[in-house]
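Survey of secondary and tertiary structure
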Amino acid sequence: GVFDGVSGARKLDGVPLYSKTLAGEMRKSVKQLEKENGGEGLSVPELSSILGNAKDIADQTSTGASTAIVASITQDGFLRALNVGDSACLIIRNGKVAAR
């Protein structure tokens, strides 16, 4: 995933940044799920659930704000992505945008 902090958001000294907390919580949850499902990749509902849980933790423990893109390539070869905020996910093939 890509987690980009929002520069204009209010931040408190000594409190973890929202974007870093989201990334860390996502990493922990994804590693656990991949162990359980044999590395099959994650569906959009699974990504959404994990991101929602990470958001709940970040809301309670962090400062700032973040946009995010999380994605997974499953065993069937499909890329599944979830976008939060004003970030964008582009698939580029041969120098051209193939999908948004």
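Scroll up to find the structure.
This text gives an overview of the structure that appears in the document. (Residues numbered from 1 in each chain as written. Predicted model: local features only at pLDDT ≥ 70, side-chain atom pairs only at ≥ 80, totals over all residues. Heavy atoms only, no water.)

Focus on the layout of surface pockets
Taken as a whole, the largest pocket holds about 200 Å³ of empty space. As for the largest pocket, its lining consists of G1, F3, A23, M26, R27, V30, E34, L42, L47, V70, A71 and S72. Elements represented by at least two residues in the lining of the largest pocket include exactly α1 (18-37) and β2 (66-73). Considering every element that reaches the lining of the largest pocket, the biggest residue donor is α1, with five residues. Residues of the lining of the largest pocket, tallied by class, amount to eight nonpolar, two polar and two charged. (1 Å grid on protein atoms, 1.4 Å probe; cavity = no way out; pocket = protein on both sides within 12 Å on 5 of 7 lines; lining within 4 Å. Points joined across faces, edges and corners; volume = space filled by probe spheres on them. Helix = DSSP H or I, 4+ residues; strand = E, 2+ residues; numbered from the N terminus. Nonpolar A, V, L, I, M, F, W, Y, C, P; charged D, E, K, R; others polar.)

Quick look at unusual backbone geometry
A positive phi angle is found at N94, which is not glycine, with a value near 50 degrees. Tracing the sequence through the fold places N94 in the loop between β4 (91-93) and β5 (96-99). Judged by relative accessible area, N94 falls into the exposed class, the value being 81%. (Buried < 20%, exposed > 50% of the residue type's maximum accessible area, 1.4 Å probe, protein only.)

Structural notes on the pattern of salt bridges
Summed over the entire model, instances satisfying the criterion amount to three salt bridges. Between D59 and K55 there is a salt bridge, and its shortest N-O distance comes to 2.5 Å. Residue D59 and its partner K55 are located together in helix α2 (residues 44-61), separated by four residues, close to a single helical turn. The partly exposed category is assigned to K55, whose relative accessible area is 38%. Of the charged contacts, one joins R80 and D76 as a salt bridge, the two residues approaching to 3.3 Å between their closest N and O atoms. Residue classification places R80 among the partly exposed positions, given a relative accessible area of 26%. (Salt bridge = Lys/Arg side-chain N within 4 Å of Asp/Glu carboxyl O.)

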